[in-house]
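What follows is each chain in one-letter form.
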Amino acid sequence: MADLERPERLQIMLTAEELAALENWRFEKRMPSRSAAVRELLRRGLAAEGFLTAAQGAKSQDFGILPDSEVSPGSGGD
């Protein structure tokens, strides 16, 4: 197997609405791939200041990428 430039793999679960938001942002910014878009968003997020630290006992489902008002009832979480 050829050596990968990025040998680490990260798997995340998204709702249909979150995936649509990611894809819309990706196409708007002309990102070459979904992975490139996620890496760019991670880079921007890690460089940002003023975000909250997760509370003790926080659950993964507490961290969506869309405001609660944009998530349709019954769309689930993870």
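Structure first, text after, so check above.
Conventions adopted
Residues numbered from 1 in each chain as written. Predicted model: local features only at pLDDT ≥ 70, side-chain atom pairs only at ≥ 80, totals over all residues. Heavy atoms only, no water. Helix = DSSP H or I, 4+ residues; strand = E, 2+ residues; numbered from the N terminus. Expected span 1.5 Å × (residues − 1). Buried < 20%, exposed > 50% of the residue type's maximum accessible area, 1.4 Å probe, protein only. Arc of directions from axis to C-beta. Lys, Arg positive; Asp, Glu negative; His and termini not counted. Salt bridge = Lys/Arg side-chain N within 4 Å of Asp/Glu carboxyl O. Contact = heavy atoms within 4.5 Å. Phe/Tyr/Trp six-rings, centres within 6.5 Å; stacked < 30°, edge-to-face > 60°. Lys NZ or Arg CZ within 6 Å of the ring centre and 35° of its normal.

Colleague: Quick question: what am I supposed to make of helix 2 (residues 34–47) here?
Modeller: Think of an α-helix as turning once every 3.6 residues; residues three or four places apart then point the same way. With 14 residues, helix 2 extends 20 Å from end C-alpha to end C-alpha; this agrees with the ideal 20 Å at 1.5 Å per step. Buried within helix 2 we find A36, A37 and E40. Each buried residue of helix 2 sits inside an arc of 100° when the element is viewed along its axis, so together they form one side.

Colleague: I'm lost on the side chain of E18 in this one. Help?
Modeller: Summarising the element assignment, E18 is placed in helix 1 (residues 16–28). One buried charged side chain, E18, makes no salt bridge at all; its nearest oppositely charged neighbour is R34, positioned 12 Å away. Every residue in contact with E18, bar those within four places of it in the chain, is listed here: M13, G64, I65 and L66.

Colleague: Help me understand the pattern of salt bridges in this model?
Modeller: Between side chains of opposite charge, a pair can form as their charged atoms come close. Applying the stated criterion across every chain, the model contains five salt bridges. Several salt bridges converge on common partners, so that one network encompasses E23, R26 and R34.

Colleague: Looking at this structure, I do not really get the packing of aromatic side chains. What am I missing?
Modeller: How two aromatic rings sit relative to each other is set out by the distance from centre to centre and by the angle between their planes. A full pass over the atoms with the stated rule returns zero aromatic pairs. Of note, R26 hangs over the ring of F27, and the distance from its end group to the ring centre comes to 4.9 Å.

Colleague: Please explain the environment of T15 as it appears in this structure.
Modeller: Along the chain, T15 falls in the segment before helix 1. Sequence separation of T15 and L66 is 51 residues, and the distance between their C-alpha atoms is 9.9 Å.

Colleague: I'm lost on unusual backbone geometry in this one. Help?
Modeller: Trans is the prevailing form of peptide bonds, just as negative phi is the prevailing case for residues other than glycine. Even without being glycine, R30 reaches a positive phi, approximately 60°. Within the element layout of this structure, R30 appears in the loop between helix 1 and helix 2. Residue R30 is classed as exposed on the basis of its relative accessible area of 74%.

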